[in-house]
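Structural characterization, general
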Number of protein chains: 2
Amino acid sequence: MEKKKAVVVYSGGQDSTTCLIHARHFYDDIHCITFDYGQRHRAEIDVARELALKLGATAHKVLDVGLLNELAISSLTRDNIPIPTQTEEGIPNTFVPGRNILFLTLAAIYAYQVQADVVITGVCETDFSGYPDCRDEFVKALNHAIVLGMAKDVRFETPLMWLNKAETWALADHWQQLSLIRDETLTCYNGIKGAGCGECAACHLRRKGLETYLSNRKNVMQALQRKINI
Amino acid sequence: MEKKKAVVVYSGGQDSTTCLIHARHFYDDIHCITFDYGQRHRAEIDVARELALKLGATAHKVLDVGLLNELAISSLTRDNIPIPTQTEEGIPNTFVPGRNILFLTLAAIYAYQVQADVVITGVCETDFSGYPDCRDEFVKALNHAIVLGMAKDVRFETPLMWLNKAETWALADHWQQLSLIRDETLTCYNGIKGAGCGECAACHLRRKGLETYLSNRKNVMQALQRKINI
């Protein structure tokens, strides 16, 4: 029987690692792709490499997407383009809108090349932080465009799309990997694995989700099972 | 009055230069973007730089998309991915499907950053050479996805979509730039400007289109005017 093959968009963080452990139960040949845009802690790339290997990915491609920095406003101003008005608070001026559009496009090209039919991504509309390219409607529209543009049925799967953080913890627990997610993934903005710095927004969101899950395991697990097919 | 701003996907070849001279009559602030993926003759990038400047582009961004080579099969095999069956004749094994999907996505991100509402590309369904990501249906679908993903009305314009090569020459002539297109653009696979090597497929297509136009100017120009609004 032919192996079922999938590409997982993989950062080494909680969400994409949960996608990876979930995907292992449905696909037997998994290719991970990690996007390196030079702004993240190198630790994040190292964690992604280690975990992809440990979790049995067939291949792991780390793709340099430094070109994104070339499209940041701070770079474009070198071409004498007027600096736009003050960026929103908290968003660095190297943030590039449409980043996820680019990542999903590259993941689909990678899937085409390795002859995988599926691209799995941990984007989530429930806590999408205002990024329109994490919304379900967008992912479906891009999927449609990419199928037309590559003349191949690549399907985007988004297992976390409608989960909240507590339910994402429940999903890890369902696959008996809660402690791996808790101790070995890296979500912290300050580049600290596991429990993280405890102070940044990512650490807060992650910890709050875990607390909610642990204090109400049964109900959260039931909510999860109503949302996805496990 | 606010300036009308557009991004032109620009290679320095016949088609995109024709788009640029066409766009000048509808937009008064044009930003060109050229994709450098290291496989083309450096002459092509130089021609693009010269012509963008000469034709009055406000800015010209040359973006290094060497990451495409990282997604070519020949690179992926380093990750122990089996080499797929023989590529089709004439297509180098560094060719990456979905290239135009990527270029249009990057052009749209650039447009977002410089606050342009329009991305103009010279893709053409009439002589699309079998690439599905040059087809009108694809461009429209990607446009829809990108508008959703960036939450901004960026519009893709494809003035050459339904033109044949003779009509593209007629369009250049309409804007009184036939000799500039003929003498200063670079389409030749062997990197020779103007008339080119005369031997490669690109040179043949280009010359045949010019001959058809010159031998039947009036009819071709009328056909063009039925197809686009000039």
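In this text, all values refer to a predicted model and were calculated from it rather than measured experimentally.

**Thoughts on the packing of aromatic side chains**
Residues and elements named next belong to chain A.
- All told, the structure shown has 6 aromatic pairs over all chains when counted by the stated rule.
- With centroids separated by 4.4 Å and ring planes inclined at 10°, the aromatic side chains of Phe 35 and Phe 103 adopt a geometry described as stacked. With Phe 35 in strand β2 (residues 29-36) and Phe 103 in helix α5 (residues 99-114), this residue pair connects regions lying 68 residues apart in the sequence.
- Taking relative accessible area as the criterion, Phe 35 reaches 4% and is therefore assigned buried.
- The exposure class assigned to Phe 103 is buried, which follows from its relative accessible area of 9%.
- One aromatic cluster is present, built from ring pairs that chain together Phe 35, Tyr 37 and Phe 103.
- Between Lys 4 and the ring centre of Tyr 27, over which it is positioned, the NZ or CZ distance is 5.2 Å.

**Quick word on the UniProt feature "binding site: ATP" (unreviewed entry) in chain A**
Residues and elements named next belong to chain A.
- Taking the numbering used here, the UniProt-annotated feature "binding site: ATP" (unreviewed entry) corresponds to Tyr 10, Ser 11, Gly 12, Gly 13, Gln 14, Asp 15, Ser 16, Thr 17, Thr 18, Cys 19 and Leu 20.
- Counting through the fold element by element, Ser 16 comes out in helix α1 (residues 14-23).
- The contact partners of Ser 16, leaving out residues within four places of it in the chain, are Val 8, Val 9, Tyr 10 and Ser 11.
- Within the local environment of Ser 16, its side chain forms a polar contact with the backbone nitrogen of Ser 11, the two atoms lying 2.9 Å apart.
- Take Leu 20: it is sitting in helix α1.

Cut-offs and rules
Residues numbered from 1 in each chain as written. Chains lettered and ligands numbered in written order. Predicted model: local features only at pLDDT ≥ 70, side-chain atom pairs only at ≥ 80, totals over all residues. Heavy atoms only, no water. Phe/Tyr/Trp six-rings, centres within 6.5 Å; stacked < 30°, edge-to-face > 60°. Helix = DSSP H or I, 4+ residues; strand = E, 2+ residues; numbered from the N terminus. Buried < 20%, exposed > 50% of the residue type's maximum accessible area, 1.4 Å probe, protein only. Lys NZ or Arg CZ within 6 Å of the ring centre and 35° of its normal. UniProt positions renumbered as here; feature names shortened; annotations may be inferred. Contact = heavy atoms within 4.5 Å. Polar contact = N/O pair within 3.5 Å; in protein donor to acceptor, adjacent residues only side chain to side chain.

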